[in-house]
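So the chains spell out like this:
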Amino acid sequence: PAVSAALKAALLAAVLDFRPRRDARVVVLGAELEALDARARAAVRAQVAFLPASGGLISHLNAWENIALPLAYHAPRQMQGVAPRVYALLEPFTGDVRALLARLPEEMTPFERLLAGYARMMLGAPRLVLAEDLPSSLAPAERRQAQGFAAAYLAHCPQGTFVRLEDGHDEAG
């Protein structure tokens, strides 16, 4: 369903930052946020991912660095064998994974930036994904490919939930 920008911002603040509106009760992955101590909140938050429409990449890092950095920082033990996992995540969506991984964000198309953000998000194996609506700058074929992110996520995380926060525009816009 389409949501207004204000409602989307409130939802993201409540779920990602654990800052619900005063009149709201927020339950994420079965846990009521207000009832959790700091450690339990961190554990729930680690299972939630946000996929921004822009990909959310750091400008001076190439795609590989953008994808691998969060995993290397938060779960360095999981870096063993990460390259084949990244290739497996990207190959269904792009013909030249190696070239994509070498590019800086400003050298990428909007779809490639979104794809790099998708791969980064997938490495964390989140139980809940909140994905912004697809950028209007995507070509129709890229839009169809990006719509496949949800199915690919569910194939990897069958118990997970993928929520796309649509802005309410039609498929052409």
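Scoring rules and cut-offs
Residues numbered from 1 in each chain as written. Predicted model: local features only at pLDDT ≥ 70, side-chain atom pairs only at ≥ 80, totals over all residues. Heavy atoms only, no water. Phe/Tyr/Trp six-rings, centres within 6.5 Å; stacked < 30°, edge-to-face > 60°. Helix = DSSP H or I, 4+ residues; strand = E, 2+ residues; numbered from the N terminus. Buried < 20%, exposed > 50% of the residue type's maximum accessible area, 1.4 Å probe, protein only. Pairing = 2+ DSSP bridges. Axes fitted to C-alpha atoms, helices over the stretch in contact; angles between N-to-C directions. Salt bridge = Lys/Arg side-chain N within 4 Å of Asp/Glu carboxyl O. Core = buried A, V, L, I, M, F, W, Y, C linked by side-chain atoms within 4.5 Å. Contact = heavy atoms within 4.5 Å.

Chemist: Can you help me understand the packing of aromatic side chains in this one?
Modeler: Here the distance between the centres and the angle between the planes together describe a pair of aromatic rings. Under the definition given, this model contains five aromatic pairs. With 4.3 Å between their ring centres and 15° between their planes, Y118 and F149 make a pair best called stacked. Residue Y118 is located in helix α6 (residues 110-123), and its partner F149 is located in helix α7 (residues 140-156); the two are separated by 31 residues in the primary sequence. Looking at F149, the relative accessible area reads 0%, which means it is buried. Among the aromatic residues, those joined into a cluster by ring pairs are F93, F111, Y118 and F149.

Chemist: Just checking my understanding: could you explain the sheet that holds strand β4 (residues 128-132) for this structure?
Modeler: Two strands in a sheet stick together by hydrogen bonds in their backbones, pointing the same way (parallel) or opposite ways (antiparallel). Sheet architecture is open: three strands sit in the order β3-β4-β5, paired in parallel fashion. Edge positions in the sheet fall to β3 (48-51) and β5 (161-165), since each has one partner strand and no second. On average, each strand axis in the sheet is inclined to that of its neighbour by 15°, with strand direction left out of account. Here five bridges tie β4 to β5, and the two strands are oriented parallel to one another. Paired with L128 across the strands is T161, a residue of β5.

Chemist: Please explain the environment of D23 as it appears in this structure.
Modeler: When you line up the elements, D23 lands in the loop between α1 (5-16) and β1 (27-28). Each C-alpha atom of the pair D23 and A68 lies 38 Å from the other, and the pair is 45 residues apart in sequence.

Chemist: What exactly am I supposed to notice about the pattern of salt bridges here?
Modeler: Note that side chains of opposite charge can pair when their charged atoms are close. All told, the structure shown has one salt bridge when counted by the stated rule. Here R103 and E112 are joined by a salt bridge, their closest N and O atoms 2.9 Å apart. Judged by its relative accessible area of 25%, R103 is partly exposed.

Chemist: I tried to follow the nonpolar core on my own but got confused; where do I start?
Modeler: Soluble globular proteins tend to pack their nonpolar side chains together in the buried interior. Ranked by internal contacts, the top residues of the largest apolar core, which has 35 residues, are I67, L90, L115, Y118 and F149. Broken down by secondary-structure element, the contributors of at least two residues to this core are β3, α3 (63-74), α4 (82-90), α5 (97-102), α6, β4 and α7. The element contributing the most residues to this core is α6, with nine residues. Among all residues touching L115, those that are not within four sequence positions of it are L90, F93, T94, L100 and F149. Membership of the second largest hydrophobic core comes to 14 residues, among which are V15, V26, L33 and L130.

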